[in-house]
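The lines below spell out each chain.
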Amino acid sequence: MINENNENNENNENTENEKDVDILLVGSGIMSATLGILLKQLDPALKIAMIERLPDVATESSDGWNNAGTGHAAYCELNYTPEMKDGSIDTKKAFFINTAFEESLQFWSYLVDKKILPSPTHFINQAPHHSFVSGDKDVEFLRKRYQTLSAHPLFSAMQYSEDPDVLKKWMPLMMQDRAPDKKVAGTRVRYGSDVNFGALTRDILTGLQDMGDFELLVQHCVTHIDKQDDNRWKVRAKNKTGGAHRYFNARFVFLGAGGGSLPLLQASGIPEGNGYGGFPISGQWLVCTVPEVVEKHHAKVYGKSPVGAPPMSVPHLDTRIIDGKKALLFGPFAGFTTKFLKKGSFWDLPTSVNLSNLFPMLSVGLHGFDLLRYLISEVLQTHKSRVKALQQFYPDAKPADWFLSMAGQRVQIIKRGTERAGKLEFGTEVIHADDGSLVALLGASPGASTAVHTMLNIIEECFPEEIKTAAWQQRMKKMIPSYGQSLLENADLLAEVRKHTLTSLELDTLPL
């Protein structure tokens with residue numbers, strides 16, 4: 001946690017190790033890496049430093065086994081397309097996430113083409129995205145969803161079927177020994193993806209190091225962050241192994257430390273961070289590595305959440321490809337801990353409570369009965385009950401073939417509300433200092449998949465003069481050809497960029 005020493009002690013510190021940098025990134029996950037490489041491509045002369053408290057990079061939420069690895073594009077995630085009271089399908093979130101993910105694909109393609117990233121199969125692999133439902137009501141919903149989405153060029157490749165024989169071809173493991181009397185339906189987008197965000201992060205950081213003027217400090221913990229009279233930030237980092245301090249004088253600071261961003265935001269003292277709190281939720285997966293089972297399923301298959309469950313609870317059975325090895329993953333199953341990070345402290349939650357966020361957090365606690373009930377039911381689950389949930393997807397699943405694995409820690413946002421003192425958010429939120437000199441990223445899914453879009457917004461907000469220059473505009477359009485244009489409204493541009501990304505990233509190699 002941040003140690004907020006008084007100003008006199010800070011002024012007495014030995015600052016021989018102080019270094020001036022343009023950009024200071026706190027946290028070494030996919031968000032910080034993406035912002036760093038974008039800025040370095042826009043201006044190669046920038047001096048960038050990154051601070052990571054663990055011995056290696058990308059070992060918290062970005063690590064391959066700490067997330068589902070879904071390249072979120074709204075092809076299969078049913079919670080992105082809720083059914084409205086009038087029976088229509090709300091597509092706003094699906095369209096946003098799909099176009100945002102297309103920006104990520106364009107940027108990754110650029111980095112692969114420039115040889116900054118290695119072979120794309122090192123970090124991304126084709127895994128068709130499916131939705132699967134059963135029962136008359138859910139089949140009707142999925143049919144309506146398909147008809148609505150597939151009418152737009154963004155989703156025109158989506159296929160739909162209620163034919164068990166077709167579904168057996170798409171997802172043989174799930175249709176094996178399934179009762180024939182219950183109505184089922186599924187959708188498919190062939191060029192969905194499985195992304196190893198840990199490998200991608202490490203590859204990006206290797207590229208940053210090769211470009212020069214980039215310093216990476218691991219096993220260093222930020223202990224003080226303070227704004228100076230010249231509007232720059234003085235940041236102190238303590239070496240966790242030797243105890244020595246390093247000091248950075250930064251023009252711009254990005255707090256992209258996952259669950260650790262909230263205490264860093266609070267320590268910065270910016271008024272924009274007042275009222276924000278966090279609610280940590282841990283995750284678990286059932287994992288199978290039995291070859292004869294794993295080889296029968298190659299897809300990301302998402303179902304519907306149980307009635308009353310929060311958005312994070314959407315069950316899915318996924319192909320994972322990590323370090324060239326294939327496995328299956330099912331979940332998520334939630335849990336509760338007071339840690340904000342997987343390798344954090346049990347004091348993270350209680351020490352994050354202050355006068356500005358006390359009432360929002362109490363309000364969420366008093367009214368969050370559905371979430372509390374859900375978490376209690378999840379914590380009480382046994383291996384037998386988890387496998388029973390899996391058998392709704394894969395009827396022939398054998399308990400001995402699956403083991404439990406801990407996922408990364410997620411901290412959901414608590415903020416001031418309008419109807420109540422506080423509200424719980426399940427997305428991602430960016431908090432800016434008023435002058436754009438500091439940014440904190442809070443929240444969770446679909447964060448990693450939309451990292452490029454989020455970082456572009458930060459660049460536009462915090463580097464407003466630079467982004468207007470011809471040089472930055474030209475470089476931005478080389479990296480992301482659709483930059484400044486709408487893929488939602490320009491079908492020809494969408495077809496052009498999608499053709500390139502699918503080829504460059506080898507995401508359209510499976511047979512029809």
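Structure first, text after, so check above.
Residues numbered from 1 in each chain as written. Predicted model: local features only at pLDDT ≥ 70, side-chain atom pairs only at ≥ 80, totals over all residues. Heavy atoms only, no water.

K.L.:
Lay out the pattern of salt bridges in plain terms, naming residues and giving numbers.
P.N.:
Pairs may arise between side chains of opposite charge once their charged atoms sit close together. Evaluated as defined, the whole model comprises 20 salt bridges. For the salt bridge of Asp194 with Lys300, the shortest nitrogen-to-oxygen distance reads 2.6 Å. Taken as a pair, Asp194 in strand β7 (residues 193-195) and Lys300 in strand β13 (residues 300-302) lie far apart in primary sequence, 106 residues in all. With relative accessibility at 0%, the residue Asp194 sits in the buried group. One network of salt bridges, in which partners are shared, links Glu140, Arg143, Glu162 and Lys183. (Salt bridge = Lys/Arg side-chain N within 4 Å of Asp/Glu carboxyl O. Helix = DSSP H or I, 4+ residues; strand = E, 2+ residues; numbered from the N terminus. Buried < 20%, exposed > 50% of the residue type's maximum accessible area, 1.4 Å probe, protein only.)

K.L.:
Go over the packing of helix α2 (residues 30-42) against helix α14 (residues 451-462), please, and point to the residues and values.
P.N.:
Running from N to C, α2 and α14 point in directions that differ by 55°, and their axes come no closer than 9 Å. In terms of axis orientation, α2 runs oblique to α14. Remark: the crossing between α2 and α14 carries right-handed chirality. Contacts from Met31, Thr34, Leu35, Leu38, Leu39 and Leu42 of α2 reach α14 at Ala451, Val452, Met455, Leu456 and Ile459. A breakdown of the residues in the contact of α2 with α14 according to their chemical character gives ten nonpolar, one polar and no charged. (Axes fitted to C-alpha atoms, helices over the stretch in contact; angles between N-to-C directions. Parallel < 35°, antiparallel > 145°, perpendicular 65-115°, else oblique. Left-handed = near helix turned anticlockwise from the far one by under 90°. Contact = heavy atoms within 4.5 Å. Nonpolar A, V, L, I, M, F, W, Y, C, P; charged D, E, K, R; others polar.)

K.L.:
Outline helix α8 (residues 261-268), supporting the account with residue identities and numerical values.
P.N.:
In terms of burial, α8 is a largely internal element, seven of the eight residues being buried. All buried positions along α8 are accounted for by Ser261, Leu262, Pro263, Leu264, Leu265, Ala267 and Ser268. Within two residues after α8, Gly269 carries a phi angle of roughly 80°, on the positive side.

K.L.:
I'd like a description of the packing of aromatic side chains, backed by residues and values.
P.N.:
One pass over the full model with this rule turns up 14 aromatic pairs. Following the ring pairs from residue to residue traces out a cluster consisting of Tyr75, Phe95, Phe155 and Tyr191. Over the aromatic face of Phe346 sits the side chain of Lys339, whose NZ or CZ is 4.6 Å from the ring centroid. A cation sits over an aromatic face here: Arg386 above Phe333, 5.8 Å from the ring centre. (Phe/Tyr/Trp six-rings, centres within 6.5 Å; stacked < 30°, edge-to-face > 60°. Lys NZ or Arg CZ within 6 Å of the ring centre and 35° of its normal.)

K.L.:
With reference to specific residues and values, describe helix α17 (residues 491-504).
P.N.:
Its 14 residues give α17 an end-to-end C-alpha distance of 20 Å, which sits within 8% of 20 Å, the value for a rise of 1.5 Å per residue. Taken together, the buried positions of α17 are occupied by Leu493, Leu494, Val497, Arg498, Thr501, Leu502 and Ser504. Seen along its axis, α17 keeps its buried residues to an arc of 160°; they face one direction. Exposed and facing more than 90 degrees away from the buried side of α17 are Asp492, Glu496, Lys499 and Thr503. (Expected span 1.5 Å × (residues − 1). Arc of directions from axis to C-beta.)

K.L.:
Residues and numbers for the pairing of strand β4 (residues 129-134), please.
P.N.:
Extensive coverage of β4 is indicated by the burial of five of its six residues. Where β4 lies against strand β6 (residues 184-189), six bridges are found, and the strand directions are antiparallel. Residue Phe132 lies in a different strand from β6, and its bridge partner there is Gly186. Sheet analysis places β4 next to β13, joined by three bridges and oriented parallel. Looking at the pairing, His129 lines up with Lys300 of β13. (Pairing = 2+ DSSP bridges.)

K.L.:
Help me get a handle on the pairing of strand β2 (residues 48-51), residues and values and all.
P.N.:
For a regular strand, side chains alternate in direction, first toward one face of the sheet and then toward the other. With burial as the criterion, each face of β2 is covered, one bearing Ile48 and Met50 and the other bearing Ala49 and Ile51. Strand direction decides the pairing type here: strand β1 (residues 18-26) and β2, joined by four bridges, are parallel. Bridge pairing in β2 links Leu25 to Met50. Bridge analysis of β2 against strand β8 (residues 214-217) gives four bridges, and the strand direction is parallel. Looking at the pairing, Ala49 lines up with Glu215 of β8.

K.L.:
An account of a nonpolar patch on the surface is requested, with residue identities and associated values reported.
P.N.:
Taken together, Phe336, Leu372, Ile376, Val379 and Leu380 make up a surface patch of nonpolar side chains, about 490 Å² in accessible area. Of note, Val379 is situated in helix α12 (residues 369-379). (Patch = residues over 30% accessible without salt bridge, like charges linked within 9 Å, V, L, I, M, F, W, Y side chains within 5 Å. Areas by Shrake-Rupley, 256 points an atom, 1.4 Å probe, with all protein chains shown as cover.)

K.L.:
A description of unusual backbone geometry should follow, citing residues and the corresponding values.
P.N.:
Following Gly331, the chain continues into Pro332 via a peptide bond in cis, with omega recorded as 0°. For Pro332, the location among the structural elements is in strand β15 (residues 325-335). A positive phi angle, near 70°, is found at Asn231, a position not held by glycine. Here Asp323, not a glycine, exhibits a phi torsion of approximately 55°, which is positive. Topologically, Asp323 is positioned in the loop between β14 (316-322) and β15. Overall, the relative accessible area of 62% leaves Asp323 in the exposed class.

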